[in-house]
Amino acid sequence: MSARTNYYAEGPEPLVVSLAAKGDRNAFAELVRRRQAWIRTLMRRCSGDAALADDLSQQVFMQAWRKIRQLKDVDKFGSWLKQMAINEWLQLKRKNDALRDAEGEQSVIGSQSDKTSIGMDLDNAMAQLPGPVSLCIVLSYHERMTHNEIAELTGLKLGTVKSHVLRGSKRLRELLSAYDETQEIEDAS
Amino acid sequence: MSDERDPLLDSLFAEAENEQTDDEFTAKVMLSIEKRRRNIITGRIGIVGLLFALEFLLSAPLQNSVGVLANTLSMSLIPIQSEWLAAAFAPLNSIAGLIGMLLLGLHTLHRRMVR
């Protein structure tokens, strides 16, 4: 079993994807192992909630297993999976935005220096942005995608993407202003 | 606006902690996939079982109903003594023929009204 596991772990991704597409569960488990950190972080940045992010990621992988036979180009597994994750997120937002908007806003955000605290503050701040805005921000800052690529992936108009990124950045800066002050102090010293 | 990013947010996103690979998560996903597969198999077995049960329960009444319906539809409207004449006029001289002509008439009427 371990030799077999090593075989999957060492195999190039297109080969592992091909095997998974033929119904090989071990190959798919390897794909989950390889891609889960990325998808879970993407979902966490979008949702601002680690538990919800894990649930969504699980849904994404289950959907990927159901549809992997339809994937024509095994080299595009990553972007195919990302598209699926974005769709999952948009679907959830469509259901939940009305509820969340009614909850009102919270104020957060301290200025911490360790990675965990920055991540948590970022998650809290992101959770206060409307769905499509937070998605555009995550794709722009976390995934390093251009506005054109975001528009293509999400199906939003380019102008809308630009406006979401601008609006979201502005709001995030306000929410994370404590970090701005910390940076200014660091720069001064 | 170009694709420029805010430097502060850029650095925060870069510094924020990312999720790590977690074998438990992989196991959870694979377990859910297995559960779903079992549910699908159970569902299919259930449907096949249900079809068999329906076949067993309803085959006799259904066959009877079909027989009665066939007899009723082929019943002659006007009794004809000659066997070959009765066979030749059967498509018209039967309840089925009457229903057919009624439907044809309604269809023609509908087309005229629509035009």
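Residues numbered from 1 in each chain as written. Chains lettered and ligands numbered in written order. Predicted model: local features only at pLDDT ≥ 70, side-chain atom pairs only at ≥ 80, totals over all residues.

For chain A, the helix and strand inventory stands at 10 helices and zero strands. Traced from its N-terminal end to its C-terminal end, chain A shows the element sequence α-α-α-α-α-α-α-α-α-α. Counting all 189 residues of chain A, 38% fall into the buried class. (Helix = DSSP H or I, 4+ residues; strand = E, 2+ residues; numbered from the N terminus. Buried ≥ 20, exposed ≤ 12 C-beta atoms within 10 Å, placed from the backbone.)

Moving on, we come to the interface of chain A and chain B. Facing the 33 residues of chain A at the interface are 25 residues of chain B. When residues of the side of chain A that touches chain B are traced back to their parent elements, those giving at least two are α3 (25–47), α4 (50–67), α6 (115–126), α7 (131–142), α9 (158–175) and α10 (177–188) of chain A. Looking at side-chain class alone, the side of chain A that touches chain B contains 13 nonpolar, 11 polar and nine charged residues. (Contact = placed C-beta atoms within 7 Å. Nonpolar A, V, L, I, M, F, W, Y, C, P; charged D, E, K, R; others polar.)

We now examine helix α8 (residues 147–154) of chain A. For the α-helix, the turn length of 3.6 residues means that residues three or four positions removed from each other point alike. Among all positions in α8(A), only A:His147, A:Ile150 and A:Thr154 are buried. The buried residues of α8(A) occupy an angular sector of 60° when projected down its axis, which confines them to one face. (Arc of directions from axis to C-beta.)

All names here are of chain A. Within the fold, Ile68 resides in the loop between α4 and α5 (77–103). For the pair Ile68 and Ala21, spaced 47 residues apart in the sequence, the C-alpha separation amounts to 5.3 Å. Beyond its immediate sequence surroundings of up to four residues, Ile68 is in contact with Ala20 and Ala21.

Further remarks concern the confidence of the model for chain A. When pLDDT is averaged along chain A, the result is 83, and 82% of the positions lie at 70 or above. Here α10(A) stands out as the element of chain A with the lowest mean pLDDT, 65, in contrast to helix α2 (residues 13–21) of chain A, whose mean of 93 is the highest. (pLDDT = per-residue confidence, 0-100.)

Time to look at the packing of α3(A) against helix α2 (residues 23–73) of chain B. When two helices pack together, you describe them by how their axes are tilted relative to each other and by the distance separating the axes. Here α3(A) crosses α2(B) at 135°, and the two axes come no closer than 9 Å. Comparing their axes, α2(B) and α3(A) come out oblique. In this structure, the crossing between α3(A) and α2(B) has a hand that is right-handed. Where α3(A) abuts α2(B), its residues A:Arg25, A:Ala29, A:Val32, A:Arg33 and A:Gln36 lie against B:Phe25, B:Thr26, B:Val29 and B:Met30. Along the lines of polarity and charge, the residues of the contact of α3(A) with α2(B) split into five nonpolar, two polar and two charged. (Axes fitted to C-alpha atoms, helices over the stretch in contact; angles between N-to-C directions. Parallel < 35°, antiparallel > 145°, perpendicular 65-115°, else oblique. Left-handed = near helix turned anticlockwise from the far one by under 90°.)

Another point: helix α1 (residues 7–15) of chain B. All names here are of chain B. Among the residues of α1, Leu9, Leu12 and Phe13 are the ones counted as buried. The buried residues of α1 occupy an angular sector of 95° when projected down its axis, which confines them to one face. For α1, the exposed residues set more than 90 degrees away from the buried face come down to Pro7 and Ala14.

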